[in-house]
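# Observations on chain architecture
Now for the letters of each chain:
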Amino acid sequence: MDDDIQLIGAGLREYDPDQPRCRAILRTPVHETDGFDNPYETYREETCVRPKGHDGGCRATRPVMGWPGHRRISALLEAYLTLRDEHAEQARLLGMSSEREARLLARIAELEAGNR
């Protein structure tokens, strides 16, 4: 689960409007002619949309994030991490191991399910 959260956090960097952008120019062939006396090629030049210092190759487009968007996902991720840290601190103060805590929560869920 924590690995997934870290991947989400890293992936959000691509969509952060406040991140400085890579300035590399991508040159993409648009049209070629071979059968004429004077063959030519036309290119489209675009600036990379990825953050400055990104891993992997440059891209001219990003996959659409869609709903709910960068700000909302960032806020949800931050809230989750804060709650997780608070929960771990409470368990530590109570002297509970994570395994014992997980067993206790499972037992509570069983009892609640039996009361329905």
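Basis of the calculations
- Residues numbered from 1 in each chain as written.
- Predicted model: local features only at pLDDT ≥ 70, side-chain atom pairs only at ≥ 80, totals over all residues.
- Heavy atoms only, no water.
- Phe/Tyr/Trp six-rings, centres within 6.5 Å; stacked < 30°, edge-to-face > 60°.
- Lys NZ or Arg CZ within 6 Å of the ring centre and 35° of its normal.
- Helix = DSSP H or I, 4+ residues; strand = E, 2+ residues; numbered from the N terminus.
- Buried < 20%, exposed > 50% of the residue type's maximum accessible area, 1.4 Å probe, protein only.
- Contact = heavy atoms within 4.5 Å.
- Expected span 1.5 Å × (residues − 1).
- Salt bridge = Lys/Arg side-chain N within 4 Å of Asp/Glu carboxyl O.

Here the focus is the packing of aromatic side chains. Each aromatic ring pair is described using two quantities: the centre-to-centre distance and the angle formed by the ring planes. Per the counting criterion, the structure on display carries zero aromatic pairs. Its guanidinium or amino end placed over the ring of Y43, R27 lies 4.0 Å from that ring's centre, counting from NZ or CZ.

All right, on to the environment of I5 then. Along the polypeptide, I5 turns up in helix α1 (residues 2-12). When its relative accessible area of 13% is taken as the criterion, I5 is described as buried. Spatially, the C-alpha atoms of I5 and L77 are 7.4 Å apart, while their sequence positions differ by 72 residues. Residues within four places of I5 in sequence aside, it is in contact with L77, Y80 and L81.

Moving on to the side chain of E14. For E14, the position within the fold is in the loop between α1 and β1 (25-32). Once you skip the residues sitting within four places of it in the chain, E14 turns out to touch R21, R50, P51, R59 and R62.

Let us now look at helix α2 (residues 70-93). Over its 24 residues, α2 extends 35 Å from the first C-alpha to the last, a length consistent with the 34 Å expected when each residue adds 1.5 Å. Those residues of α2 not exposed but buried are H70, L77 and A91. The first or second residue beyond α2 is G95, which carries a positive phi of 75°.

Overall, the coordinates contain six salt bridges when judged by the stated rule. Between R44 and E46 there is a salt bridge whose closest N-O contact spans 3.2 Å. Residue class for R44 comes out partly exposed when judged on its relative accessible area of 41%. With its nearest N and O atoms 3.6 Å apart, the salt bridge here joins D85 to R84. Residue classification places R84 among the partly exposed positions, given a relative accessible area of 31%. Residues participating in the shared-partner salt-bridge network are E14, R50 and R59.

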